[in-house]
Amino acid sequence: MREGRWSRIGVFCLSAATAAGVLLLLSAQAGGGLIAGVGIAELMTDGTYCGWYKYTYTVTWDLSKALSHLDLVLPAACADGDFHFAFDTEAGGDVDGRSTGSGYRHGHPITFTVPFEGAFEPRGDPSISLGAPLIKWEPAGNPGKDGVGQFWFYSSSAPTIGLYEDVWAAKYGSCKVFGDLTGAYPSCERAQHAPEAATLAYLLAGGAGMLATRRRQRGGRSASGR
């Protein structure tokens with residue numbers, strides 16, 4: 001059982017650090033049409049979704065108009081019916097996400113005032129011409145053109161950890177924009193296990209070491225070719 005679990009504290013620390021980086025990135029690149037998010041996954045050990053994973057995401061956006069709704073595009077296999085998705089609102093809960101409101105600007109204190117309701121859409125989101133399965137969050141209020149939110153759902157699919165490009169989609173007015181996800185992402189694959197936090201840290205350190213070695217090698221070749 002230990003192989004399929006991970007350290008919630010370790011992953012939270014990694015995701016918190018990444019979230020800070022996302023906020024700095026969007027603050028530095030103001031101007032609209034930007035969205036990014038980080039995610040963690042927690043294996044539930046009791047309650048209605050015991051044995052499933054709770055995915056929680058922190059998402060930041062900087063748009064030219066107010067956010068209309070938010071999508072998380074999933075792997076195509078998530079539409080096969082072998083894996084399941086559920087939401088607090090389906091079980092009598094109030095919300096599946098919260099965000100800042102229309103008066104928020106990046107750098108201001110964060111207060112979540114706008115509730116969201118989530119749903120699994122196996123056929124995609126026709127309003128922005130997406131045909132892949134996805135999770136869609138609809139606001140009950142105005143999230144504003146600048147915002148930060150936390151969103152969650154439950155899934156029987158184990159997570160993978162990494163950088164996933166263009167899996168966030170935000171609709172604002174008649175426009176749409178795609179952004180990257182760092183962290184936990186539903187795999188929708190059989191026998192897929194999330195890495196231990198220590199293993200993840202080892203892989204990240206190894207990748208950084210390889211990158212540094214390649215840079216030194218490249219620098220050496222450049223110097224010898226002069």
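Before reading further, recall that the structure is shown in the block above.
Note that the structure is a prediction, hence the values are computed from the model and not measured.

1. Considering the state of the cysteines
Here comes step 1: Across all of its chains, the model carries one disulfide by this definition.
Here comes step 2: There is a disulfide in this structure between C78 and C188, and the S-S distance comes to 1.9 Å. The chirality of the disulfide connecting C78 with C188 is right-handed, given an S-S dihedral of about 105°. Taken together, the residues C78 in the loop between β3 (69-73) and β4 (85-86) and C188 in the loop between β10 (175-186) and α2 (197-224) connect sequence positions 110 residues apart.
Here comes step 3: By relative accessible area, which is 1% here, C78 ends up buried.
Here comes step 4: Judged by its relative accessible area of 5%, C188 falls in the buried class.

2. Topic: the side chain of D88
Here comes step 1: Turning to its location among the elements, D88 is positioned in the loop between β4 and β5 (97-99).
Here comes step 2: For the buried D88, no salt bridge exists, and the shortest N-O distance to an oppositely charged side chain is 4.9 Å, to K54.

3. A look at the pairing of strand β9 (residues 159-172)
Here comes step 1: Examined bridge by bridge, β3 and β9 share four bridges and lie antiparallel to one another. Among the inter-strand pairings, L72 is bridged to a residue of β9, identified as W168.
Here comes step 2: In the sheet, β9 pairs with β10 via 11 bridges, with the strands oriented antiparallel. Along β10, the bridge assignment pairs G162 with G183.
Here comes step 3: Between β9 and β10, which pair antiparallel and follow one another directly, the connecting turn spans two residues, one of which, G173, has a positive phi of 60°.

4. What to know about unusual backbone geometry
Here comes step 1: For S129, which is not a glycine, the phi torsion comes out positive at approximately 60°.
Here comes step 2: Position of S129 relative to the elements: it lies in the loop between β6 (114-121) and β7 (134-139).
Here comes step 3: Residue classification places S129 among the exposed positions, given a relative accessible area of 63%.
Here comes step 4: Backbone geometry places C188, a non-glycine residue, at a positive phi of 50°.

What counts and what doesn't
- Residues numbered from 1 in each chain as written.
- Predicted model: local features only at pLDDT ≥ 70, side-chain atom pairs only at ≥ 80, totals over all residues.
- Heavy atoms only, no water.
- Disulfide = S-S within 2.5 Å.
- Helix = DSSP H or I, 4+ residues; strand = E, 2+ residues; numbered from the N terminus.
- Buried < 20%, exposed > 50% of the residue type's maximum accessible area, 1.4 Å probe, protein only.
- Lys, Arg positive; Asp, Glu negative; His and termini not counted.
- Salt bridge = Lys/Arg side-chain N within 4 Å of Asp/Glu carboxyl O.
- Pairing = 2+ DSSP bridges.

By themselves, these figures tell us nothing about what the structure is for.
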